[in-house]
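Examining the three-dimensional arrangement
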Amino acid sequence: MMRKYVIGFALLVVNAAAVAAPLPEPWTRLVKSFDTTLANDRVVGGSVALVEQGKIVASHYYGFADPARGRRVDADTIYHWASITKTLNAITVMQLRDRGMLSLDEPITRYVPELRRVHNPFGSMDAITLRMLLNHSSGFQHSTWPYGDGSRWQPFEPTDWQQLVAMMPYQQLEFAPGSRFLYSNPTWIYLSRMLEQLSGDPWRYYVQKNIFTPLGMTRSYFGQTPVHLTSQRSSRFVVRKEPEGKFITDDLGGEFDPGITIPNGGWNAPFADAVAYVAFLTGATGGDAERKRRYDAVLKRSTLEEMWQPQYPAGVRETGENIGLAFFLADQGGHRVIGHTGNQGGFLSFIYCDPVTGRGIVGALNTNNEARPEGAPSAISIVRREAMRVFD
């Protein structure tokens, strides 16, 4: 039984049938502060949901997905999940590894020889392994597209592979490969190039067939929104401040082209599909043998556990996070919590879960405030910090 409570521009939904115990007190605190936090940061719309054993037990929706059309955020609102896509990419690599098609300790140049054009003051580019790309220790730069001044005519991201290849002779590694962590976006494009060679499928189609379909993520997609889902797509917004001090919220529409960077940040989906992904990560089968078979066909639990072993400190002191293979790992209240965040094109998001208890928390906003005073915390950072306390 679903119980709905409307509060101003917000909607609180509690799945009474799925709640076997009282909702955790940190969730209650999060809900109480959610609307104020988003309003203070001029966020147009956002959602957060508490997950237990693969099911949403409570959710909270604030504001609008499309204010121009009077469409509020609700359970069907489709967000862009940005860099959380990297975890999908890592799963595709591990699928090929488990099938004996590659080794994590072989060089990426075996599949992407163009990378030998990058300057490596520390040695040979052939020393960079697939594992280093998966745990962000390769030494490649953070940004995929380090050029441009933000003019509207410029592409959001590179639109084809040859643009990346053209940049390679003018780039160099940031540090000795395998020596430390540095979050890198282009590495995931290199991994997708490898997968396309080995599988024969374009990366986005491979994910659709080998992750989305078996996990029942029927409204997940890359690129342009399918026509039948356009009414559910959230617009994206950017807040800026004009020279005279006036705040302006630009509605950039829901669609944008991540270009060739889709493998590092292209996933679009409603909360139901994000929660289906959390259910897979936590192994929440509900005793369903067929669901377990499909989960194992996507990736064995032992391989997921391998991905969740700490590789390097990830530089987030307040949470003590480490990086595994794509996933970030945090110790929260004595629980190992795994997950990832996303930030692209105005959308911000996070997914976290405890694979042992089956609890998860999912959040997404559709607004990036670029006019926030320097040093002021963003809405997503405040919400994320509060959300993590559900694992205490």
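The structure presented is a predicted model; accordingly, all values stated were derived computationally and were not measured. (Residues numbered from 1 in each chain as written. Predicted model: local features only at pLDDT ≥ 70, side-chain atom pairs only at ≥ 80, totals over all residues. Heavy atoms only, no water.)

1. With respect to the pairing of strand E13 (residues 335–344)
Across 5 bridges, the pairing between strand E12 (residues 328–332) and E13 is antiparallel. Paired with Gln332 across the two strands is His335, which belongs to E13. The antiparallel pairing of E12 with E13 creates a hairpin that spans 2 residues between the two strands, and Gly333 there sits at a positive phi of about 60°. Pairing between E13 and strand E14 (residues 347–353): 7 bridges, direction antiparallel. Bridged to His340 within E14 is Ile351. Between E13 and E14, which follow one another and run antiparallel, lie 2 residues, and Gly345 among them has a positive phi close to 65°. (Pairing = 2+ DSSP bridges. Helix = DSSP H or I, 4+ residues; strand = E, 2+ residues; numbered from the N terminus.)

2. A short note on the sheet that holds strand E8 (residues 247–251)
Reading across from one edge, E8-E7-E16 is the order of the 3 strands in this open sheet, with mixed pairing throughout. Looking at the sheet topology across the chains shown, the edges are occupied by E8 and strand E16 (367–369). Going across the sheet, the axis of each strand differs from the next one's by a mean of 20°, ignoring polarity. In this structure, strand E7 (residues 237–241) lies alongside E8, joined through 5 bridges in antiparallel fashion. Pairing of Lys241 across the sheet is with Phe247, part of E8. (Axes fitted to C-alpha atoms, helices over the stretch in contact; angles between N-to-C directions.)

3. Considering the packing of aromatic side chains
In the structure shown here, the tally under the stated rule is 16 aromatic pairs. Ring geometry for Tyr79 and Trp81: centres 6.3 Å apart, planes at 70°, overall edge-to-face. You can call Trp81 buried: its relative accessible area is 0%. With 5.7 Å between their ring centres and 80° between their planes, Trp267 and Tyr277 make a pair best called edge-to-face. Taken together, the positions of Trp267 in strand E9 (residues 267–270) and Tyr277 in helix H8 (residues 271–282) put the pair 10 residues apart, joining distant regions of the chain. Every member of this aromatic cluster is reached through a ring pair, and the members are Tyr79, Trp81, Trp203, Phe212, Phe222, Trp267, Phe271, Tyr277, Phe280 and Tyr295. Note that Arg42 overlies the ring of Phe247, its terminal NZ or CZ placed 3.8 Å from the centroid. (Phe/Tyr/Trp six-rings, centres within 6.5 Å; stacked < 30°, edge-to-face > 60°. Buried < 20%, exposed > 50% of the residue type's maximum accessible area, 1.4 Å probe, protein only. Lys NZ or Arg CZ within 6 Å of the ring centre and 35° of its normal.)

4. A look at the packing of helix H2 (residues 85–98) against helix H6 (residues 203–212)
Direction vectors running N to C along H2 and H6 enclose 80°, while the axes themselves pass 11 Å from each other. The orientation of H2 with respect to H6, classified from their angle, is roughly perpendicular. Touching Thr85, Leu88, Asn89, Ile91, Thr92, Gln95 and Leu96 of H2 are Trp203, Tyr206, Val207, Asn210, Ile211 and Phe212, all from H6. Grouping the amino acids of the contact of H2 with H6 by side-chain chemistry returns 8 nonpolar, 5 polar and no charged. (Parallel < 35°, antiparallel > 145°, perpendicular 65-115°, else oblique. Contact = heavy atoms within 4.5 Å. Nonpolar A, V, L, I, M, F, W, Y, C, P; charged D, E, K, R; others polar.)

5. Here we look at the pattern of salt bridges
With the rule as written, the count across this model stands at 20 salt bridges. For the salt bridge of Arg372 with Asp41, the shortest nitrogen-to-oxygen distance reads 3.0 Å. In this pair, Arg372 sits in the loop between E16 and helix H11 (379–388) while Asp41 sits in the loop between helix H1 (25–40) and strand E3 (45–52), placing the two residues 331 residues apart along the sequence. Across the salt bridge formed by Arg219 and Asp76, the nearest N and O atoms sit 3.1 Å from each other. Taken together, the positions of Arg219 in the loop between H6 and E7 and Asp76 in the loop between strand E5 (71–72) and strand E6 (78–82) put the pair 143 residues apart, joining distant regions of the chain. According to the relative accessible area criterion, Asp76 is partly exposed, its value standing at 35%. Several salt bridges share partner residues, and in doing so they unite Asp66, Arg69 and Arg71 into one network. (Salt bridge = Lys/Arg side-chain N within 4 Å of Asp/Glu carboxyl O.)

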